[in-house]
Structures are given as structure tokens and as C-alpha cells.
Amino acid sequence: NAGVTQTPKFRILKIGQSMTLQCAQDMNHNYMYWYRQDPGMGLKLIYYSVGAGITDKGEVPNGYNVSRSTTEDFPLRLELAAPSQTSVYFCASSYRDRGRVNHYGYTFGSGTRLTVV
Amino acid sequence: AQTVTQSQPEMSVQEAETVTLSCTYDTSESDYYLFWYKQPPSRQMILVIRQEAYKQQNATENRFSVNFQKAAKSFSLKISDSQLGDAAMYFCAYREGSSNTGKLIFGQGTTLQVKP
């Protein structure tokens, strides 16, 4: 059982380049999330998805895009990379029954360290 | 908007001693969840302990316990018999109970050093 898998683990981008951070989970979780962690800070939510085909903005969505075509995958796209996007990116997933409030099995990936130079 | 504040950027403790990490939060909700996460140098986010706001009893997980003061909006983590492996950054996090998003709101983190 792999849990939440993120690739790549490290990446260096030049200003203006684009890339996609991959995230996959094998737990059949309906909720998925992207967070970023700046040095010495806590995690902030970029985007989240409550199920395949449904995504919504979090606290810091500017400069990013996401898609959720399947339950398993939730890629994060960076267009026109900027130094301000230098950060560690975490993908996470959880499961919530419809009509219930609790989330189960909140699981984080191991993160992608991205440097924009 | 909800906020989470950790006022101790760094803490240190002698091995086998006890340390308490502080966390305060601000919310107008009555139903919510609070968490402590551990982040070692490997970057992995590890859930240490969780507390449901509707439960008056403080959560405990082995050497880890919390002091949940709902009226004061305080949620501190006590680590007993500290071990070298406890050295890490610790994050306090909040989630609305009625939230459809599952979004976690994190504090800034506290780096814990354990001295042998």
C-alpha cells in the first residue's frame, strides 16, 4: 500500500519555465489537496478536490492550476515559474462519507522541493 | 477567518525530560478538530495526536498528551520522557468540523531540539 506518492522529489526550474507536480493515491480517497510550505512556515492550501472532476481554490492559488480526471491522480501545474514559488509542495488525501463531517485517513505525501532560479 | 499561532519558534529539552509546546487558535466555530503533526528532517508529515473539540477529555497517545482549553482557545502538546527521535518541527493544525473542504490550517511550527 503506497499511500500518497509524489514525483519528483526535487526539481530546479528556471524563471518562466513550466512543470507539473504529480500526485497519486491508492487508498480510494475522495478528497485530495495541494499545500505549499515556505521555509520556517506552516503549510498553506493551494487547491483541493472533493472528487473526480471537482476542484476549488485554497488560500494561495495564484500561479497554479490543477485537474482531477480520476480519483487517484491530482496533478499540480505551475505556469511561468517565479522565484516566489520556491517552496516544498505537499499533496495529501482523505476520505469523507457524504453527509458526514469527519475525514478519515488524512495522509500526506513526502513532498517535492522546488527551487526557481 | 481561523488562525493558528505557535509562539515558540524553537524549544529544547534534555533527553528523558518533559517539554510542552504551545498553540493558540482563533475561531468562531464550536465544532472543530485540532491536531499536532511532527515533521522530521525527512519532511514527512506525521500525525502525532488529534483532539475533537466536543470532547472534554484531553487526548493521549503514549508519551504525547494535550492540554485542551476550549474557552481559552489553547491546545498545548506535552512530550514526556523525551527521546532523541522526537527532535523535529512540530505543527499545530485546525480543521472545521462542519467544513466540506477538509482544509487544515497550520501554525508556523516549533522546532524541537532534544539534547543527549
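Please read all numbers here as calculations on a predicted model, not as lab measurements. (Residues numbered from 1 in each chain as written. Chains lettered and ligands numbered in written order. Predicted model: local features only at pLDDT ≥ 70, side-chain atom pairs only at ≥ 80, totals over all residues. Heavy atoms only, no water.)

## Remarks on the packing of aromatic side chains
Residues and elements named next belong to chain B.
Thought 1: Scanning the entire structure with this criterion turns up 18 aromatic pairs over all chains.
Thought 2: Here Tyr37 and Phe106 contribute two aromatic rings whose centre-to-centre distance is 6.0 Å and whose plane-to-plane angle is 50 degrees, an arrangement assigned as tilted. Of the two residues, Tyr37 sits in strand E5 (residues 32-39) while Phe106 sits in strand E11 (residues 105-106), which places them 69 residues apart along the sequence.
Thought 3: Given a relative accessible area of 9%, Phe106 falls into the buried group.
Thought 4: Taking 6.3 Å as the distance between ring centres and 80 degrees as the angle between the ring planes, the aromatic pair formed by Phe68 and Phe75 counts as edge-to-face. (Phe/Tyr/Trp six-rings, centres within 6.5 Å; stacked < 30°, edge-to-face > 60°. Helix = DSSP H or I, 4+ residues; strand = E, 2+ residues; numbered from the N terminus. Buried < 20%, exposed > 50% of the residue type's maximum accessible area, 1.4 Å probe, protein only.)

## So, the side chain of Thr101 of chain B
Thought 1: With respect to the secondary-structure elements, Thr101 of chain B resides in the loop between strand E10 (88-96) and E11.
Thought 2: A relative accessible area of 18% means that Thr101 of chain B is categorised as buried.
Thought 3: Here the side chain of Thr101 of chain B touches Lys103 of chain B through a polar contact of 3.0 Å, landing on its backbone nitrogen.
Thought 4: Thr101 of chain B has contacts with Tyr31, Tyr33, Tyr48 and His103 of chain A, leaving out every residue within four places of it along the chain. (Polar contact = N/O pair within 3.5 Å; in protein donor to acceptor, adjacent residues only side chain to side chain. Contact = heavy atoms within 4.5 Å.)

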